[in-house]
Amino acid sequence: MISEEKAEFCIRSFRSALNTHIGAGKNPNGRNACVLNITRHDGSELFLFAYSSARSLSATEHTNLAAAGFPLVPDVSPNLRVYACGGMGQYHTEPRLINFLYGSPGYIENVRTALLISEIDCCTTCMRYTVDLFVRANPNVDVYTDEYGKVPGRNQLPRFVYQGPAPLTWS
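The structure contained in this document is the topic of the report that follows. (Residues numbered from 1 in each chain as written. Predicted model: local features only at pLDDT ≥ 70, side-chain atom pairs only at ≥ 80, totals over all residues. Heavy atoms only, no water.)

A closer look at the side chain of Asn 37
Within the secondary structure, Asn 37 is located in strand β1 (residues 33–40). Of the residues examined, Asn 37 reaches a relative accessible area of 0% and is grouped as buried. At 3.3 Å, the side chain of Asn 37 forms a polar contact with the backbone nitrogen of Ile 2. Setting aside residues up to four positions removed in sequence, Asn 37 forms contacts with Met 1, Ile 2, Glu 45, Leu 46, Phe 47, Thr 113, Ala 114, Leu 115 and Ile 117. (Helix = DSSP H or I, 4+ residues; strand = E, 2+ residues; numbered from the N terminus. Buried < 20%, exposed > 50% of the residue type's maximum accessible area, 1.4 Å probe, protein only. Polar contact = N/O pair within 3.5 Å; in protein donor to acceptor, adjacent residues only side chain to side chain. Contact = heavy atoms within 4.5 Å.)

Next up, the structure:
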């Protein structure tokens, strides 16, 4: 699992890419950016990226984000959504990432740790109906969250501990 400092750099880099590749008229800063860092049993790591308004993005915006190293996970089919988050599973970033992980053949069996990195703190519904349920259903996976307290409605930016420059791409 990546360090706190790297988690911050990861989410800041993802935010930078979102702000660069999504039109300002879509208010990208008003939406959540979330990353799922997975450590597999062999020690390799995987990064999955979700944006709370991914459906509003054009094919070009999706392509540009992927080219920058931040491909967004697709929505999981409703009949495969195990973690529905009170019906918000396709809209909130945490359930989208967890459902994608759970629904991808060969993924969940190989996960040792999962770290959810989110600009906006996980809502109670996401914690109760996604994260907590996932933890109980997968006792062999250590699950952690890094939440940065962003509140778009109040123009409150994420609170970061490490203030070094964010790289433009993450690998």
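The discussion continues.
Points about the pairing of β1
A regular strand places its side chains on the two faces of the sheet in alternate fashion. Counting buried residues in β1 gives seven out of eight residues, a clear majority hidden from the surface. Direction of pairing for β1 relative to strand β2 (residues 45–51): antiparallel, over a ladder of seven bridges. Its bridge partner being in β2, Leu 36 is matched across the sheet by Leu 48. Taking the residues that link successive antiparallel strands as the turn, the β1-β2 hairpin has four residues, and the phi of Gly 43 there is positive, at about 90 degrees. (Pairing = 2+ DSSP bridges.)

Points about the sheet that holds β2
Strand order in the open sheet formed by four strands is β2-β1-β3-β4, and the pairing between neighbours is mixed. What marks the edges here is a single partner per strand, and that holds for β2 and β4 (142–147). Neighbouring strand axes in the sheet, compared pairwise and without regard to direction, differ in orientation by 15 degrees on average. For strand β3 (residues 111–118) and β4, the ladder comprises six bridges, and the chain directions are parallel. Residue pairing for β4: Ser 118 is matched across the bridge by Glu 147. Lying on the sheet, helix α3 (residues 93–103) is in contact with β1, β2 and β3; it crosses β2 at an angle near 135 degrees. (Axes fitted to C-alpha atoms, helices over the stretch in contact; angles between N-to-C directions.)

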